[in-house]
Amino acid sequence: MLNMTLYKREMKGSLKMLFVFAAILSMYVTIIIRMYDPEMMATLDSFYQAMPELMASVGMNTGATSLISFMISYLYGFILLIFPMAFCILRGNGLIVRYVDRGSMVTLLASPIKRRTVAITQMSALISGILLLTIYTAGLEMMIAETNFPGELAIAELLKLNASLLCLHLFIGGTCFLASCIFSDTKYSIALGAGIPALMYIFQMLANAGEKADVIKYFTFFTLFDANGIVAGESSAVIGTLALLMGAIILYTTGVVVFCKKDLYI
Amino acid sequence: MSVINVQNLTRDYGLGKGIFDVSIQVDKGEVFGFLGPNGAGKTTTIRHLMGFIKPRSGSARIDGMDCWKKRDEIQKKLGYIPGEISFFDDMTGKEFLKFVSDYRNLGKENRMQEMLERFELDLSGKIKKMSKGMKQKLGIVSAFMHDPAIFILDEPTSGLDPLMQNRFIEVIAEEKKKGKTILLSSHMFEEVERTCDRIGIIRSGKLVTVDSVETLRERHMHTYTVRLDSPHLAEDFARDFEGKCNGNFVTVAAKQSLETIFMNYYGGEENA
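Small disclaimer: the values here were computed from a predicted structure and weren't measured.

What counts, and where the lines are drawn
Residues numbered from 1 in each chain as written. Chains lettered and ligands numbered in written order. Predicted model: local features only at pLDDT ≥ 70, side-chain atom pairs only at ≥ 80, totals over all residues. Heavy atoms only, no water. Helix = DSSP H or I, 4+ residues; strand = E, 2+ residues; numbered from the N terminus. Polar contact = N/O pair within 3.5 Å; in protein donor to acceptor, adjacent residues only side chain to side chain. Contact = heavy atoms within 4.5 Å. Pairing = 2+ DSSP bridges. Axes fitted to C-alpha atoms, helices over the stretch in contact; angles between N-to-C directions. Expected span 1.5 Å × (residues − 1). Bend = angle between axes of the 7 residues up to and from the residue. 1 Å grid on protein atoms, 1.4 Å probe; cavity = no way out; pocket = protein on both sides within 12 Å on 5 of 7 lines; lining within 4 Å. Points joined across faces, edges and corners; volume = space filled by probe spheres on them. Nonpolar A, V, L, I, M, F, W, Y, C, P; charged D, E, K, R; others polar. Salt bridge = Lys/Arg side-chain N within 4 Å of Asp/Glu carboxyl O.

Colleague: What is the right way to look at the side chain of Asp263 of chain A in this model?
Modeller: Assignment of secondary structure puts Asp263 of chain A in the segment after α12 (235-261). Among the polar contacts made by the side chain of Asp263 of chain A, one reaches the side chain of Arg11 of chain B at a distance of 3.0 Å. For Asp263 of chain A, the side chain forms a polar contact with the side chain of Arg56 of chain B, separated by 2.9 Å. The contact partners of Asp263 of chain A, leaving out residues within four places of it in the chain, are Arg11, Phe52, Ile53, Lys54, Arg56 and Trp68 of chain B.

Colleague: What is the right way to look at the sheet that holds strand β12 (residues 244-246) of chain B in this model?
Modeller: Adjacent strands of a sheet pair through backbone hydrogen bonds, lying either parallel or antiparallel. Residue and element names in this part refer to chain B. Strand order in the open sheet formed by 3 strands is β11-β13-β12, and the pairing between neighbours is antiparallel. Of all strands in the sheet, those bounded by a partner on one side alone are β11 (222-227) and β12. Here the strands of the sheet are splayed against their neighbours by 20 degrees on average, with no regard to which way each runs. Bridge analysis of β11 against strand β13 (residues 249-254) gives 6 bridges, and the strand direction is antiparallel.

Colleague: Help me understand helix α1 (residues 4-35) of chain A, please; the structure alone is not making it clear to me.
Modeller: Residues separated by three or four positions in an α-helix point in the same direction, a consequence of the helix having 3.6 residues per turn. All names here are of chain A. Between its first and last C-alpha, α1 extends 43 Å over 32 residues, near the 46 Å set by a 1.5 Å rise per residue. Considering bend angle alone, the principal kink of α1 is centred on Leu15 and spans about 35 degrees. Near the N-terminus of α1, the side chain that reaches the backbone nitrogen of Thr5, with its oxygen 3.1 Å away, is that of Asn3.

Colleague: Before we go on, may I ask you to explain empty space enclosed by the protein in this structure?
Modeller: To find leftover empty space, a probe the size of one water molecule is rolled over the atoms. Enumeration over the complete set of coordinates arrives at 2 cavities of 30 Å³ or more. What the largest cavity holds in volume is close to 160 Å³. As for the largest cavity, its lining consists of 16 residues, and the residues nearest its centre are Val106, Thr107 and Ala110 of chain A together with Tyr80 and Ser142 of chain B. A volume near 40 Å³ is recorded for the second largest cavity. As for the second largest cavity, its lining consists of Leu25, Pro84, Ile130, Leu133, Thr134, Thr137, Leu165 and His169 of chain A. Listing elements by their share of the lining of the second largest cavity, those giving two or more residues are α8 (115-148) and α9 (155-182) of chain A. The greatest single-element share of the lining of the second largest cavity, amounting to 4 residues, is contributed by α8 of chain A. Each residue belonging to the lining of the second largest cavity can be placed in one class, and the counts come to 5 nonpolar, 3 polar and no charged.

Colleague: What should I look at first to understand the environment of Thr223 of chain A in this one?
Modeller: All names here are of chain A. As for its position among the elements, Thr223 is in the loop between α10 (186-209) and α11 (227-232). As a C-alpha pair, Thr223 and Gly240 span 17 residues in sequence and 8.0 Å in three-dimensional space. With residues near it in sequence (within four places) discarded, Thr223 still touches Gln204 and Lys217. For Thr223, the side chain forms a polar contact with the main-chain oxygen of Thr220, separated by 3.1 Å.

Colleague: What am I meant to see in the pattern of salt bridges here?
Modeller: A side chain with one charge may pair with a side chain of the opposite charge, provided their charged atoms come close. This structure, assessed with the given rule, holds 22 salt bridges over all chains. One salt bridge in this structure joins Asp90 of chain B and Arg9 of chain A, with 3.2 Å as the shortest N-O distance. In this pair, Asp90 of chain B is assigned in the loop between β6 (78-81) and α3 (93-103) and Arg9 of chain A in helix α1, connecting two distinct chains. Ionic pairing is found between Lys42 of chain B and Glu155 of chain B, a salt bridge with its closest N-O pair at 3.5 Å. Here Lys42 of chain B is found in helix α1 (residues 42-49), whereas its partner Glu155 of chain B is found in the loop between β7 (150-154) and α6 (162-177), with 113 residues between them in sequence. Via salt bridges that share partners, Arg111, Glu114, Arg118, Asp147, Glu174, Glu175, Lys178 and Lys180 of chain B belong to a single interconnected network.

Colleague: For this particular structure, what's the right way to read the layout of surface pockets?
Modeller: When its volume is computed, the largest pocket comes out at roughly 770 Å³. Forming the walls of the largest pocket are 25 residues, and the residues nearest its centre are Arg9, Lys12 and Gly13 of chain A together with Asp90 and Met91 of chain B. Elements with a minimum of two residues in the lining of the largest pocket: α1, α5 (79-95) and α6 (97-102) of chain A together with α3 of chain B. Among the elements that take part in the lining of the largest pocket, α1 of chain A stands out by supplying 7 residues, more than any other.

Rendered as structure tokens:
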């Protein structure tokens, strides 16, 4: 099912990018958690009063009183969505379509290795990257929160929140992976694999910003990731997360099947 | 039974592009030359044999196995040099060969070292920085190192200097002696002429002729015997024109370009 030689090569290829993203996330997570100060909330609320649409569009809402809802407002609306998404886009395209486009897929297929094995190996490398990034984020959040505000963070809720976030990113990764499998040309794969998640995020921003644009939320998969709902234990939020997970499984499976069946002009 | 068996293979890309009703049989221990100009359909045929493209009509089989369905089985005993070499640019030559041998799960007992020595390839540099010829050598080594029984070689000597081209032809001759089956595509008549038993000529996607080298040579290579004034002059003449010297007589062959041979097949009605 998996070719370890190829998997190792791909993980080595992800390493540099993972370090960069981990560094960016470390910086933001540290700064933002340390900004938490119940008294500061008043100041932030005043920003919200001044420019509600702008603040809301990036998921920053008023009334964040607990540490976890503070984190949801300031991390899970933008930073923890955008950066792992960028990782999915960059890596998803590198794993299949780049080999086909450059012709180096010949090396992988002029060998007694099934196409399915190649596709599943590349998929595993992408999923591993997403997993590492999410686990790192969760670990970092707990560490920073515990050192700065001992006992303030609801650990169980944070883990649920990150599990839901993981499903969202697996879904985004699945979109990029499928695009990478369908196209033989990097530019089309990027157009679709990066275009869809980016457009969906813009829809999400619009839906957050105003009541009139609220209907847009039905046109973006980001709606399925309901951070506040997950923490509150709402069943609709759990269903949303499961929908993302199911969607991800379908996207990856379709990607593998498409890659196994397609003609390769390599 | 033929080792490589292509039956009525057709793949129409539209606008006259593609391959049409191509049938090729290569027997065990035979070297088959697949000759044709650029864009004639050599690579398309080979892609079918490699299982990169699924046949729309007709079939491609190697060792009796369907090239699309049993690609991974076939690849165990197949060595392939692609027409357009593209490896992992980020690796050095050494890392690349290590990757390929691990990826294929080859043991320590392989022909890598032998081939490296024969082709005098230095593996230390990044593949990105390698010249066309060096990449070609790397392709040769990676196609030969698992000692396959069948070879599919798509313009294998392109980019090699004449010395290395000769060395490659020697290697092909040795493999043939060992009973290996080889399909070699080329656009150079001399190359296939020196190595192959039979030659198939493809043009515009159609197999124009399949013949033994002798037949094609007789038909298309005119030889002349000239008498010179002295054996000494004859020797010089033979050296300069690659002829055979016999006393005062020298026999030289006029080498025709591939295009000229095609013109013979098409009676000049189509422009090359």
